[in-house]
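Chain residues, written in single-letter form:
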Amino acid sequence: MTTNHIIDTGAVAAVVSRAGGSIDGPESLVDVSLPAPGLPTGHDVLVDVKAVSVNPVDVKIRASGNRAHKDRVLGWDAAGTVVAVGDEVTRFRSGDEVYYAGSLDRPGSYARRQLVDERIVGHKPTSLGFAEAAALPLTALTAWEALFDKLRLGADSTGTMLVLGAAGGVGSILIQLVKALTDVRVIATASRTETRTWVEGLGADVIVDHRAPDLDRQVLAAAPGGVDYVFTAQSKGRIPLFTKVVRPFGHIVAIDDERDLDLIALKDKAISWHWEFMFARARYNWDLSAQHGALEQLAQLVDAGRIRTTLTQTLAPLNAASLREAHRIVESGGAIGKIVVADPA
Ligand SMILES: NC(=O)c1ccc[n+]([C@@H]2O[C@H](COP(=O)([O-])OP(=O)(O)OC[C@H]3O[C@@H](n4cnc5c(N)ncnc54)[C@H](OP(=O)(O)O)[C@@H]3O)[C@@H](O)[C@H]2O)c1
């Protein structure tokens with residue numbers, strides 16, 4: 001039996017989304033004090049949250065408004081310390097440093113204390129601080145599931161992958177995973193000097209400009225027979241491109257929310273389309289421990305120096321003002337790597 005070191009009875013500081021619309025609205029993100037979540041039960045661990053990162057999903061949910069519950073705690077990326085564990089927890093004890101994305105259907109990580117199921121939590125890489133670790137879980141789980149569950153890549157995989165949205169949060173970790181764990185060549189999209197430099201530093205083999213009118217020609221110059229795989233975080237208007245640059249029987253995995261895609265156009269080349277959604281496991285209680293396993297393997301890769309954090313900017317302290325600034329950056333669509341909000345070290 002594990003002894004829980006604290007009993008939370010008081011209130012905890014948190015940031016809630018109260019109104020939808022613009023981030024500049026007075027109630028977009030608000031500092032509040034909330035009742036402590038209480039002691040964990042079952043597979044839950046209670047975490048003292050030290051750092052969070054902001055993803056486009058935070059921005060989308062905040063902007064759309066929270067009609068179902070007035071004050072919503074957003075945040076789906078955190079690093080912190082376990083302070084209490086439920087009676088069925090086997091993977092963690094109080095004092096362990098952890099990182100996780102969590103579940104879209106539970107209160108998020110913009111709160112000093114958070115309950116999360118141990119099966120979707122990993123031990124934080126020991127070589128990283130809390131801010132550097134908080135940058136990783138959501139995007140790494142997305143990339144991991146896209147590459148290994150959907151595209152079924154492995155150490156002996158070869159060929160070429162086009163990565164659309166390469167400098168963003170997901171692309172930045174995905175490029176590294178491809179280069180560290182497979183023999184697949186990466187063609188990365190980047191449209192600015194700083195994003196080109198960034199993706200090159202992450203290991204991209206070829207860089208193409210997705211804002212140029214001849215993107216298809218650039219890709220085919222690098223992969224004359226067509227690419228074997230596409231990872232896309234930016235699918236809007238791209239089906240004509242995919243029909244041109246993906247080889248017959250190739251695979252595309254998409255993570256963004258584009259509707260009305262003309263997928264029938266892919267049939268002529270028998271190209272497969274896969275959706276990846278990293279919250280599906282938690283939402284449907286489907287093979288949860290796979291996310292624990294992925295985060296543990298990622299931590300080992302980081303500690304072995306084979307993968308680096310994608311953190312590019314840390315805002316402090318962990319409060320509504322800093323989170324508003326992080327939302328503004330992510331909302332701009334021009335973020336490079338990941339933005340983290342944390343208290344000063
Ligand atoms: N399904 C899931 O589980 C899942 C998980 C995570 C994220 N997502 C979704 O995936 C999308 C991307 O997320 P993210 O966190 O990686 O984004 P992000 O960090 O906001 O991406 C920003 C980067 O994207 C590039 N970019 C912007 N517009 C582009 C375009 N039209 N074509 C190619 N690149 C473009 C920019 O590079 P340049 O300046 O060089 O243009 C910028 O550096 C979002 O819609 C998000 O909600 C889904």
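These lines cover the structure that appears in this document, whether it is placed above or below.

Thresholds applied
- Residues numbered from 1 in each chain as written.
- Predicted model: local features only at pLDDT ≥ 70, side-chain atom pairs only at ≥ 80, totals over all residues.
- Near = placed C-beta within 6 Å.
- Helix = DSSP H or I, 4+ residues; strand = E, 2+ residues; numbered from the N terminus.
- Nonpolar A, V, L, I, M, F, W, Y, C, P; charged D, E, K, R; others polar.
- Domains from an automatic or database assignment.
- Pairing = 2+ DSSP bridges.
- Axes fitted to C-alpha atoms, helices over the stretch in contact; angles between N-to-C directions.

1. Looking at the site of the ligand
Inference 1: Lining the immediate environment of the ligand, one finds 32 residues, of which P56, G168, G169, T195 and Q234 sit closest.
Inference 2: At the level of secondary structure, the elements contributing two or more residues to the shell around the ligand comprise α1 (56-64), α3 (137-150) and α4 (169-181).
Inference 3: The residue inventory of the shell around the ligand, partitioned by class, reads 14 nonpolar, 14 polar and four charged.
Inference 4: Three or more residues apiece are contributed to the shell around the ligand by two domains, here domain 1 (11-136 + 285-342) and domain 2 (140-275).

2. Remarks on the sheet that holds strand β11 (residues 227-232)
Inference 1: Across the sheet, six strands lie side by side as β10-β9-β8-β11-β12-β13; this open sheet has parallel pairing. Because the sheet does not close on itself, it has two edges, and the strands there are β10 (206-208) and β13 (272-275). Taking each pair of neighbouring strands and ignoring which way they run, the sheet shows an average axis angle of 20°.
Inference 2: Bridge analysis of β11 against strand β12 (residues 246-254) gives five bridges, and the strand direction is parallel.

3. What to know about unusual backbone geometry
Outside of glycine, negative phi angles account for most residues, and trans bonds account for most peptide bonds.
Inference 1: The step from A316 to P317 runs through a cis peptide bond, and the omega angle for that step is -5°.
Inference 2: Phi at R152 takes a positive value of approximately 55°, unusual for a residue other than glycine.
Inference 3: Positionally, R152 belongs in the loop between α3 and β8 (160-164).
Inference 4: If you check the backbone angles, D287 has positive phi at about 50° while not being a glycine.

Taken by themselves, the reported measurements are silent on function.
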